[in-house]
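Below are the chains, spelled out letter by letter.
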Amino acid sequence: MSEPSKAQESVRIAGLQTRGTPGDVPANLAELDRAAHEAAERGVRLLITPELFLTGYDIGDEVHRLARQDLCARAAEIAARTGVAIVLGAPEYADGTYYNTAFFLDDHGQLRARYRKTHLFADLDRKYFAPGEELVCVVRYAGLKIALLICYDVEFPEPVRAAADAGAQLIAVPTAQMTPFEFVAENVVRTRAWENQVYVAYINHEGNERTLSYVGRSSIIAPSGEVLDSVVHGTKLLIADVSPEAVARAQADNPYLTDRRPDLYEERP
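The rules behind each value
- Residues numbered from 1 in each chain as written.
- Predicted model: local features only at pLDDT ≥ 70, side-chain atom pairs only at ≥ 80, totals over all residues.
- Heavy atoms only, no water.
- Pairing = 2+ DSSP bridges.
- Helix = DSSP H or I, 4+ residues; strand = E, 2+ residues; numbered from the N terminus.
- Axes fitted to C-alpha atoms, helices over the stretch in contact; angles between N-to-C directions.
- Buried < 20%, exposed > 50% of the residue type's maximum accessible area, 1.4 Å probe, protein only.
- Right-handed = clockwise from strand over helix to strand, strands pointing away.

Another aspect to go through is the sheet that holds strand β2 (residues 46-48). Pairing within the open sheet is mixed, and its six strands lie in the order β5-β4-β3-β2-β1-β14. Both edges of this open sheet fall to β5 (111-116) and β14 (236-242), since each of them pairs with a single strand only. Pairwise comparison of adjacent strand axes, ignoring direction, gives a mean angle of 30° for this sheet. Taken together, the three bridges between strand β1 (residues 11-17) and β2 define a ladder with parallel strand orientation. When the bridges of β2 are listed, G15 appears paired with I48.

A separate point is the sheet that holds strand β7 (residues 144-148). Sheets are built from strands that pair by backbone hydrogen bonding, the pairs being arranged parallel or antiparallel. Taken in spatial order, the six strands line up as β6-β7-β8-β9-β12-β13 in an open sheet, and their pairing is mixed. A single partner strand is all that each edge strand has here, and the edge strands are β6 (138-141) and β13 (227-230). Mean inter-strand twist for the sheet, computed between neighbouring axes without regard to direction, equals 20°. Of the pairings in the sheet, the one linking strand β12 (residues 219-221) to β13 comprises three bridges and is antiparallel in character. Its bridge partner lying in β13, I220 is registered against D229.

Another aspect to go through is the pairing of strand β8 (residues 170-174). Across a regular strand the side chains alternate sides, sitting on one face of the sheet and then on the other. With five of its five residues buried, β8 lies for the most part within the structure. Taking every second residue as pointing to the same face, both faces of β8 are buried, with L170, A172 and P174 on one and I171 and V173 on the other. As defined by bridge partners, β7 adjoins β8 across three bridges and the pair is classed as parallel. In the strand pairing of β8, A147 is matched with I171. Considered for its hand, the β-α-β crossover made up of β7, helix α5 (residues 157-165) and β8 is right-handed. As judged from the five bridges shared by β8 and strand β9 (residues 199-203), these two strands associate in the parallel manner. Bridged to A172 within β9 is A201.

So, in structure tokens, the structure goes:
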């Protein structure tokens, strides 16, 4: 048997479940720095943070003030210094509009992609953010095709299916999932991985934040639906090895993507 090409080797990823420090960007950057250094020591190439990790999620009007700062610059320095790419959850201010955004910073600190949350959740999102208009955001890194979604997005089958159709092998999902939605964290994300035969990294907040009590329950899921690493409550760096080859095998063994009948699914008058 021939040796697999370097592009097909497994890639170690991590997700940081944490309560963070709501409203305190320097404290959250310091935690990110510590997590990235630990990740680097453990051979991690990509670190995924929770939704709006850098500022906190439920912090009221303060999120708009913080969004006007250059939030990516310090995180980019951390990525470059540690050699670990980062999916950073942070608010974004652009052209007079605020977005709930996931930024992809590569291991040199370069901004490679940004994804603006397309499915806004209740007043927690709609009061402060405009929806993004690009459903699919896929970035190539370390031999992987990685799609970005944010929290509520993954609860709809269409965004994950669109990402899988675009060739994504890993769906990175910064999350701020609160009670009483434990079912989503425990069951829905496994279904999304299985029905598309892709990896899903669902990385949540922990603890309480103003009006919210977070469910924790972060996980990294294999294309088979197997949980590779998870935590219920507490701060933890979740780690798993993901493989493009495993995705290809899973999609060949369970060919949902190719066996579909999209001609029958289109809306008809």
